[in-house]
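Structural features, examined
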Amino acid sequence: MIALECDDLFATWRDQARTLLGHGIDPAQVSWVQGPIDDLLAVPTALPDAPGPFRAKVPAALLSLLEQAARYRGEQRWNLLYEVLWRVAHGDRTAMLAGDRLGSELHRRIKQVSREAHHLHAFVRFVPLPDALAEQLQLDLVAYHEPAHDILHSASGHFADRLGRQRWLIATPQDGIRFDGQAFDYQRNCPQNWRKWARNADDPGAELWRTYYRHTFNPARLNPDALRLHMPGRFWRHLPEGMLIPQLEGLARQGKQRDGQAVEVAGQRGKQITRSAP
Amino acid sequence: MQLIAKLGILADAAKYDASCASSGAPKRSSRGSEGLGATDGMGICHSYTPDGRCVSLLKVLLTNFCLYDCQYCVNRRSSNVPRARFTPEEVVRLTLDFYRRNCISGLFLSSGIIRSADYTMEQLIRVARLLRETHNFRGYIHLKTIPDADPLLIEEAGRLADRLSVNIELPTDASLKRLAPEKHAHTIRQAMAVIHQGQQAVAGEPKAPRFTPAGQSTQVIVGADATDDSTLLRNAESLYRGYGLKRVYYSAFSPIPDSPGSVPLAAPPLLREHRLYQADFLLRGYGYQAGELLGEAGNLALDIDPKLAWALANREVFPLDVNRAEPALLARIPGIGLRSVQRLVALRRERRVRYDDLIQLRCVLDKARPFIITSDYRPAQGELRSGLLRARLREPQAPVQMGLWG
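Section: the overall build of chain A
Looking only at helices and strands, chain A features 12 helices and 7 strands. Against the compact-globule benchmark of 19 Å for 278 residues, chain A has a radius of gyration of 25 Å, which places it well outside the compact range. The buried share of chain A, reckoned over its 278 residues, is 39%. In chain A, once contacts between residues fewer than 6 apart in sequence are set aside, the share between residues at least 24 apart is 67%.

Comments concerning the interface of chain B and chain A
Of the residues lining the interface, 64 residues belong to chain B; the matching set on chain A comes to 66 residues. At the level of secondary structure, the elements contributing two or more residues to the side of chain B that touches chain A comprise helix H1 (3-12), strand S1 (47-48), strand S3 (58-61), helix H2 (88-100), helix H12 (338-350) and helix H13 (355-360) of chain B. Per-element accounting of the side of chain B that touches chain A gives the leading share, 6 residues, to H1 of chain B. Of the residues in the side of chain B that touches chain A, the class split is 31 nonpolar, 18 polar and 15 charged.

Observations regarding the sheet that holds strand S6 (residues 176-179) of chain A
The strands that make up a sheet pair up through hydrogen bonds in the backbone, lying either parallel or antiparallel. Taken in spatial order, the 5 strands line up as S3-S4-S5-S6-S7 (chain A) in an open sheet, and their pairing is mixed. Strand pairing shows two members of the sheet lacking a second neighbour, strand S3 (127-128) and strand S7 (184-187) of chain A, which therefore form its edges.

Describing the pairing of S3 of chain B
Residues and elements named next belong to chain B. Taking every second residue as pointing to the same face, both faces of S3 are buried, with Leu58 and Val60 on one and Lys59 and Leu61 on the other. Pairing geometry for S3 and strand S4 (residues 106-110), over 4 bridges, is parallel. Its bridge partner being in S4, Leu61 is matched across the sheet by Ser110. Since S3 and S4 lie parallel, the crossover through H2 that links them has a hand, and here it is right-handed.

Regarding helix H2 (residues 60-69) of chain A
Counting along an α-helix, one turn takes 3.6 residues, and residues three or four places apart therefore face a common direction. Residues and elements named next belong to chain A. Buried within H2 are the following residues: Leu65, Leu66, Gln68 and Ala69. Axial view of H2: buried residues confined to an arc of 160 degrees, hence all on one face. Seen from the open side of H2, the exposed residues pointing more than 90 degrees away from its buried face are Ala60 and Ser64. Buried residues belonging to H2 abut helix H3 (77-89) and helix H4 (101-123).

Topic: the packing of H3 of chain A against H4 of chain A
All names here are of chain A. Following both chains from N to C, one finds H3 and H4 inclined at 130 degrees, their axes separated by 10 Å at the closest point. On the basis of their axis angle, the class for H3 and H4 is oblique. Seen along the crossing, H3 lies across H4 with a hand that is left-handed. Where H3 approaches H4, its residues Leu80, Glu83, Val84 and Arg87 are matched on the opposing element by Leu102, Glu105 and Leu106. Per-class residue counts for the contact of H3 with H4 are 4 nonpolar, no polar and 3 charged.

Focus on helix H6 (residues 185-202) of chain B
Counted at 1.5 Å a residue, the expected span for H6 of chain B with its 18 residues is 26 Å, and the 27 Å between its end C-alpha atoms agrees. Buried residues in H6 of chain B make contact with helix H4 (151-160), strand S6 (163-165), strand S7 (216-222) and helix H7 (229-243) of chain B.

Description of the domain arrangement of chain A
According to the domain assignment, chain A consists of domain 1 (2-118), domain 2 (124-200) and domain 3 (206-266). Taking only C-alpha atoms into account, the centre of domain 2 of chain A sits 28 Å from that of domain 3 of chain A.

Observations concerning the domain arrangement of chain B
In many analyses, interface size is given as the accessible surface area lost on bringing the parts together. Domain boundaries in chain B define domain 1 (3-268) and domain 2 (306-401). Relative placement of domain 1 of chain B and domain 2 of chain B: their C-alpha centres are 38 Å apart.

Describing the packing of H2 of chain A against H4 of chain A
All names here are of chain A. Across the interface, H2 lies against H4 with an axial gap of 8 Å and an inter-helix angle of 60 degrees. Taken together, the axes of H2 and H4 are oblique relative to one another. In the crossing of H2 with H4, the sense of the turn from one axis to the other is left-handed. On H4, the residues touching Leu65, Gln68 and Ala69 of H2 are Leu106, Arg109, Ile110 and Val113.

Remarks on the nonpolar core
Ranked by internal contacts, the top residues of the largest apolar core, which has 194 residues, are Leu81 and Val142 of chain A together with Leu10, Ala128 and Ala157 of chain B. Top contributing element to this core by residue count: H3 of chain A, with 8 residues. Those residues in contact with Ala157 of chain B that sit more than four places away from it in its chain are Met121, Leu124, Ile125, Ala128, Leu143, Thr145 and Leu164 of chain B.

Here we look at the pairing of strand S5 (residues 140-144) of chain B
Residue and element names in this part refer to chain B. Along S5, 5 of the 5 residues are buried, which leaves the element largely enclosed by surrounding structure. Pairing analysis gives 4 bridges linking S4 to S5, with the strands arranged parallel. The partner of Leu109 across the bridge, within S5, is Leu143. The handedness of the S4 to S5 crossover, carried by helix H3 (residues 117-134), is right-handed. Where S5 lies against S6, 3 bridges are found, and the strand directions are parallel. For Lys144, the partnering residue across the bridge sits in S6 and is Ser165. With H4 bridging S5 and its parallel neighbour S6, the resulting β-α-β unit is right-handed.

Calculation criteria
Residues numbered from 1 in each chain as written. Chains lettered and ligands numbered in written order. Predicted model: local features only at pLDDT ≥ 70, side-chain atom pairs only at ≥ 80, totals over all residues. Helix = DSSP H or I, 4+ residues; strand = E, 2+ residues; numbered from the N terminus. Rg over C-alpha atoms; globule rule 2.2 N^0.38 Å. Buried ≥ 20, exposed ≤ 12 C-beta atoms within 10 Å, placed from the backbone. Contact = placed C-beta atoms within 7 Å. Nonpolar A, V, L, I, M, F, W, Y, C, P; charged D, E, K, R; others polar. Pairing = 2+ DSSP bridges. Right-handed = clockwise from strand over helix to strand, strands pointing away. Arc of directions from axis to C-beta. Axes fitted to C-alpha atoms, helices over the stretch in contact; angles between N-to-C directions. Parallel < 35°, antiparallel > 145°, perpendicular 65-115°, else oblique. Left-handed = near helix turned anticlockwise from the far one by under 90°. Expected span 1.5 Å × (residues − 1). Domains from an automatic or database assignment. Core = buried A, V, L, I, M, F, W, Y, C linked by C-beta atoms within 7 Å.

This is the structure:
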């Protein structure tokens, strides 16, 4: 059994996989180590250092699929990829199709990863820094986000498209990325400072957004399951509107569902309009 | 009045419009440029409210002062609601602030009718112009179009916005006369035609200035009058064909405070709205015709989805061999969606498709089973009569949220 470590880097895994494939080493003979607990049965055998005799030809599309699936954090993260690669390299292209048992898992991971990138684009919330602090830190916007997969690096370009010359950073419990208006600075280990700025940013302006959120909600159509399906609870704590969700649900349940109007509006004085006004 | 107070009133006044889509816009980016905003065709739902609806745009009215007296509308002139009016600059400020925070992908601006249709339309255009020209805003803009406004104004709006929409609200002339006396079916259709002509004028000319690149949409209210689903769907089909509409939105009538006697006090079941969306999707994406889905007057079944209903009514088409059937027919198998069809076609180029493959593709086999043949499966001869199948496949009624309607 060959036990390998690729530091969760796709490029490293790819080089290792190429060597293994060249020497015709079966997926059952390899195990990639994940986390602190090694595979107990893996008696380490060294990886051959020269490329092997077998020259595998695989479609370019496969490499792209593997790279996407590699961003998935979970059990058998790297082993599965080698199994797919092995089967396709030996002529079984169904391994990369969603109809196959293994391919189905590959595509499920790709889907999870792309969903998580989409979650980043949707649920990151930037806090604008006050002018003096922005000048001092050379940063306009900061955000803290907790993605479930390794998508920060590949999915953050989106924000440079959206925000023009604004300077921003996104910190996560693992990595972080900063944009100075021109170039990205990606850090696999998020600097402590970045995390501190992102987590402690003061945000009085968020009240405007919360007001909008409260009023665009229609209590007469309460459907909390649909909300949870599309916006999983794990994101709520970093959303300014997150704390309103249980509160609004509660209010709607307490009978405020005969019509769609928010309580705050119903409580204000109304104004009928005569035909000649305003 | 404070900005935050206006925002509360004018967001509350705008929530009855169902559309919040930000998809279909062309590729635009602000990378390295002055200004803000990008679009790439994909819509983003930045949040969801507890009604389960997507929040993609800042959806507000410029003002909820209104001269019209549409009975189903909370902002009608006889309604006793608090009123407010934003200045164009205030809407711009809110849009840019929320956009920077990544709370929204753009603006959906509508308005009550003040002074005249033209004046109101000019105000909406003013906001879009400020955003686009003064602030170089490249995010999504959806403007509501006032039907009676001058066609030149509508054209101007179409050059600034990604999407324009003219709401039909009520699908028949008689209902409009009764419930929205200031609105006219023919001016609504005229406005749609102006937008459609603007789109056609630039179609196939990549260098021409863009005109509503994300298309036009409309909304009909379901359950404020007695119109049935058959009329609604045929109406939608004629709009898709006649004016190249991107979307028809169906909005279950939402009871309003101080409801006038002319409209119902209770909402129709939300499930009816859901079935209409499903049927509408079959019209747009699957090549069904309205007449196939509802052959005669009446409403869609609530207990089964319209695709299953069609399959049960057309048993002679089935069972279909998934190894041989045309993709367009595969897409008519209940429980197999467009994505699965693509994947099945890719797989059957490599080898014969087996029953187990459909499980791997996560097809809904409970629904699909009676309608398919694979290399290792066929349904038992004359297995079940449609009536029995329907009884087995129908969805349990009265889910929790429905129960709340009593």
